[in-house]
Amino acid sequence: MDIDPWGHYFPNRQWNGEVRRRCGEIKYQLQDGTTLEIPFPADDSAPSPELDYRQWKKDAGTGEEIGPQVRVAGRIVLMRPTGKLVFLKLRDWTADIQILIGKAQVGDRDFELAGNFDLGDWIGVDGRLGRTNTGELTVFAENLHFMCKTLETPPEKYLGLTNTESRLRQRYLDLTYNEGVMDTFMARTKIVQSIRNTLTGRGYCEIEGPTLHTIAGGAAARPFMTHHNALDMPLVLRIALELHLKRLLVGGMERVFELGRVYRNEGISTRHNPEFTMMEAYEAFGNYEVMMDLTEQIVLDALAATGQSTKINWNGLPIDFTPPFQRRTYNDLFQECAQVDPEDDDAIARLAVHLGIEATGKHPDVIKSEVFEHTVEDKLAGPIFVIDYPASICPLTKRKTSNPQVAERFELFIHGMEVANAYTELNDPILQEELFRTQLEGQADEDSMAKMDTDFVLALRNGMPPAGGLGIGIDRLVMLLTDSKSIRDVVLFPLMRNQAD
RNA sequence: GGAGGCGUAGCUCAGUCGGUAGAGCAUCGGACUUUUAAUCCGUGGGUCGUGGGUUCAAGUCCCACCGCCUUCACCA
């Protein structure tokens, strides 16, 4: 075979999906020179079940279909050779399209080439768009272009690749051969793009902060540890975006956000991956009320960007995103779900013991928070903003002027999942230093907050404008908007252990 | 880390009471100019996750380990 299998250049390619949309251009030409319209809707790629295409063709008289000249490229996912004809199903990331290769039409040389095609090969085809006798939209090949060979056997043509481990370790096969996988990840990019558009549309600028930190701050999580050789300095991977974005507020970036990866050295589950994507946005002169409105807008825009209405299903459960989302105070929900007076620390401690929570030596608000997680969070079908948290569990949040025991914070819950977390940012350096110090007491060394971030306090001493701050877990939002049960379905390459030999 | 499930051909899966390792698809060879998971004829393909143990004999029973899934724990 004198065809270079690795070097064919194939410019000006049209996507298979676009080619399929052109099927309305096909004319059925009769022998007397007149033409008939093909009796299919222009956007319909499948034959109409009511119509017997063979019979229609017979009734219409002998003639031929003349479609536009098209050029397609993709991977061969199905091959049906029948003597001197070969039917292929060609797949690109927009759609599948059938190719018909006839020996008389493409010539001996290209037909010999077609005889060497394997499932999984990448090829390009020049030809005319038309319909076969059964009515299927097809490119009738005139020239073949061989692009790349696959050396591995593809998955089973009907059942696909179902083994979970193989799907994750060989995501490229999952993307190509399993229905809906590509759609989910395309939806993810649309959601991410939509979030950027929403924020930049409101005057935000996007920045890239450092991922290597000397102190892992902005959240309570165990960090991954690493080391810089030339500086002989221990470093940690960031667990949140917060503290550097606030430094930028100090510097005068009045609306700033980052959308990027954070790393937490903790357990793995259907809702946790060690590295995940977070979006944090900070708006000077805003507060948590402003951030609630922004959160709604981000979610609604993302729904629109993925072509969905405000009423969707997740995991068989309905979600109604019709704004405004419900807003309930922490204490109200506590009273309602835990059936205990949210002000009665003793009663809460008794309930904690009853629930099997270790209560001794903990701050009453910490106990309250754990009781809240046990009794309230699972019941929050949402979308619901839980607002006004106990101040002592919110070290980076501004207190209500009317009640310093309450922090201006909200979390957005949907079906028990925490999707967003936001507050009116604390910009009092004296109080911030004091709260860091309080956090230090009784905390284990590996806990990230157990280090005084004097550099951040110094930043605050230079004056941070009052601001609202918002964090959204992108992976969880994508899970909800793509009806995905597991975070592994929305992370292209989730962390896996070394493969067994 | 605890509990439960799973691991057999490239893929999807059977494998009985412990007694010669099986099927479909895919591969390879042949026939076929309108197929739709094409069809028909023929063909090759295995360290049964890894390592031990019991036994005359282990894919099967026992132990340890590796990996994946679920669930709990952990998790601002």
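For histidine 213, the position within the fold is in strand S10 (residues 212–213). Separated by 2.8 Å, the side chain of histidine 213 and the backbone oxygen of proline 210 make a polar contact. Sequence-distant contacts of histidine 213, that is, excluding residues within four places in its chain, are made with Leu235, Val236, Arg238, Ala240 and His244.

The next subject is the sheet that holds strand S1 (residues 27–30). The sheet built from three strands is open, its strands ordered S2-S1-S3 with antiparallel pairing. Looking along the sheet, the strands with just one partner apiece sit at the ends: strand S2 (35–37) and strand S3 (63–66). Across this sheet, the average inter-strand angle for adjacent strands is 30°, counted without regard to direction. Sheet topology places S1 next to S3; four bridges connect them, and they run antiparallel. Residue leucine 30 lies in a different strand from S3, and its bridge partner there is glycine 63. Along the sheet, helix H2 (residues 53–60) makes contact with S1, S2 and S3, crossing S1 at roughly 40°.

Further remarks concern the protein's contact with RNA strand B. Contacts to RNA strand B come from 48 residues, most closely from Arg54, Thr132, Thr134, Glu165 and His272. Backbone atoms, meaning sugar and phosphate, make up 58% of the atoms of RNA strand B lying within 4 Å of the protein. Glutamate 418 is positioned with one of its side-chain polar atoms (N or O) 3.3 Å from a sugar or linking oxygen of RNA strand B. Taken together, the elements giving at least two residues each to the surface near RNA strand B come down to strand S4 (69–82), strand S5 (85–91), strand S6 (96–102) and helix H4 (164–169).

What follows covers unusual backbone geometry. Here the amide bond leading from proline 323 into proline 324 is cis, since omega sits at -5°, within 30 degrees of zero. With respect to the helices and strands, proline 324 occurs in the loop between strand S16 (317–320) and strand S17 (326–329). Of note, the phi angle at aspartate 388 is positive, near 65°, even though the residue is not glycine. Mapped onto the secondary structure, aspartate 388 falls in strand S18 (residues 384–390). A positive phi angle, close to 55°, is found at aspartate 483, a residue other than glycine. Tracing the backbone shows aspartate 483 in the segment after helix H14 (474–481).

Sheet topology note: the strand S15 (residues 311–314)/S16 ladder contains four bridges and is antiparallel. Looking at the pairing, isoleucine 312 lines up with isoleucine 319 of S16. Linking two consecutive strands that pair antiparallel, namely S15 and S16, is a turn of two residues; a positive phi of about 60° is found at asparagine 315 within it.

Glancing now at a negative patch on the surface. A contiguous patch of negative charge on the surface is contributed by Asp341, Glu343, Asp344, Asp345 and Asp346. With respect to the secondary-structure elements, aspartate 344 resides in the loop between helix H9 (330–338) and helix H10 (345–354). Residue aspartate 344 is classed as partly exposed on the basis of its relative accessible area of 30%.

Parameters at a glance
Residues numbered from 1 in each chain as written. Chains lettered and ligands numbered in written order. Predicted model: local features only at pLDDT ≥ 70, side-chain atom pairs only at ≥ 80, totals over all residues. Heavy atoms only, no water. Helix = DSSP H or I, 4+ residues; strand = E, 2+ residues; numbered from the N terminus. Polar contact = N/O pair within 3.5 Å; in protein donor to acceptor, adjacent residues only side chain to side chain. Contact = heavy atoms within 4.5 Å. Pairing = 2+ DSSP bridges. Axes fitted to C-alpha atoms, helices over the stretch in contact; angles between N-to-C directions. Near = heavy atom within 4 Å. Patch = residues over 30% accessible without salt bridge, like charges linked within 9 Å, V, L, I, M, F, W, Y side chains within 5 Å. Areas by Shrake-Rupley, 256 points an atom, 1.4 Å probe, with all protein chains shown as cover. Salt bridge = Lys/Arg side-chain N within 4 Å of Asp/Glu carboxyl O. Lys, Arg positive; Asp, Glu negative; His and termini not counted. Charge placed at Lys NZ, Arg CZ, Asp CG, Glu CD. Buried < 20%, exposed > 50% of the residue type's maximum accessible area, 1.4 Å probe, protein only.

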